[in-house]
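Here are the chains, one letter per residue:
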Amino acid sequence: MFRLTEEQIRTELSGLDGWSVLNGKLHKDFVFDDFIEAFGFMCKAAIHIEKMNHHPEWFNVYNKISVDLVTHDAGGITQNDITLARTLNLLEK
Ligand SMILES: C[C@H](O)[C@H](O)[C@H]1CNC2=NC(N)=NC(=O)C2=N1
């Protein structure tokens, strides 16, 4: 898996609501109604994450989840990170 160029990342970001590049990783802060909604999102996401074998760096406090996506094996952002970001946005609804 190859790292995406700045240009490719910028293009992909235009279709990824709420995501940005922060410290070389795709970043988004999710906010839910309460802790159970937030944790339920993490549970739903876990199924897709495991299926993709592509894992986020995420931090949860009560109803908020900060997510960072980077491909560790490539040392940067790859298509897998874009795909997972898109998947997380679909689960957010
Ligand atoms: C052994 C296992 O397949 C690898 O470590 C996978 C697991 N999940 C992963 N997740 C992420 N974000 N990056 C990786 O490079 C990665 N590699």
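Residues numbered from 1 in each chain as written. Predicted model: local features only at pLDDT ≥ 70, side-chain atom pairs only at ≥ 80, totals over all residues. Heavy atoms only, no water.

A. The arrangement of the side chain of Thr78 in detail. With respect to the helices, strands and loops of the structure, Thr78 is situated in the loop between β4 (64–69) and α3 (79–92). On the basis of relative accessibility, which here comes to 0%, the residue Thr78 falls in the buried class. Here the side chain of Thr78 touches Thr71 through a polar contact of 2.6 Å, side chain to side chain. (Helix = DSSP H or I, 4+ residues; strand = E, 2+ residues; numbered from the N terminus. Buried < 20%, exposed > 50% of the residue type's maximum accessible area, 1.4 Å probe, protein only. Polar contact = N/O pair within 3.5 Å; in protein donor to acceptor, adjacent residues only side chain to side chain.)

B. Quick look at the site of the ligand. In the vicinity of the ligand, the residues found are Asn53, His54, His55, Val70, Thr71, His72 and Asp73. Here a nitrogen atom of the ligand sits 2.8 Å away from a polar atom, N or O, in the main chain of Val70. Contacts to the ligand include Asp73, whose backbone N or O atom sits 2.8 Å from an oxygen atom. For the ligand, whose free accessible area comes to 390 Å², the fraction covered by protein is 65%. (Near = heavy atom within 4 Å. Areas by Shrake-Rupley, 256 points an atom, 1.4 Å probe, with all protein chains shown as cover.)

C. Spotlight on the pairing of β4. Pairing analysis gives six bridges linking strand β2 (residues 25–31) to β4, with the strands arranged antiparallel. Across the sheet, the residue bridging to His27 is Asp68, located in β4. Inspection of the sheet shows strand β3 (residues 57–61) paired to β4 by five bridges, in the antiparallel sense. When the sheet's bridge partners are listed, Glu57 is paired in β4 with Asp68. Count of turn residues in the β3/β4 antiparallel hairpin: two residues, of which Tyr62 carries a positive phi of about 50 degrees. (Pairing = 2+ DSSP bridges.)

D. Local environment of a nonpolar patch on the surface. Nonpolar side chains collect at one region of the surface, where Phe35, Ile36, Phe39, Phe59, Val61 and Tyr62 lie side by side and expose about 650 Å² of accessible area between them. Looking at the nonpolar patch, the elements that each hand over two or more residues are α2 (35–52) and β3. The element that contributes the greatest number of residues to the nonpolar patch is α2, accounting for three residues. Assignment of secondary structure puts Phe35 in helix α2. Using a relative accessible area of 34% as the deciding quantity, one classes Phe35 as partly exposed. (Patch = residues over 30% accessible without salt bridge, like charges linked within 9 Å, V, L, I, M, F, W, Y side chains within 5 Å. Salt bridge = Lys/Arg side-chain N within 4 Å of Asp/Glu carboxyl O.)

E. Summary view of the sheet that holds β2. Taken in spatial order, the four strands line up as β1-β2-β4-β3 in an open sheet, and their pairing is antiparallel. At either end of the open sheet lies a strand with only one pairing partner, and these are β1 (20–22) and β3. Looking at each pair of strands side by side, their axes are set apart by 30 degrees on average, direction ignored. Looking at chain direction, β1 and β2 are connected through three bridges and run antiparallel. Pairing of Leu22 across the sheet is with Lys25, part of β2. Strands in contact with α2 are β2, β3 and β4; relative to β3, the strand with the most contacts, it is inclined by about 160 degrees. Of the strands in this sheet, β2 and β4 touch α3, which is tilted by about 10 degrees from β2. (Axes fitted to C-alpha atoms, helices over the stretch in contact; angles between N-to-C directions. Contact = heavy atoms within 4.5 Å.)

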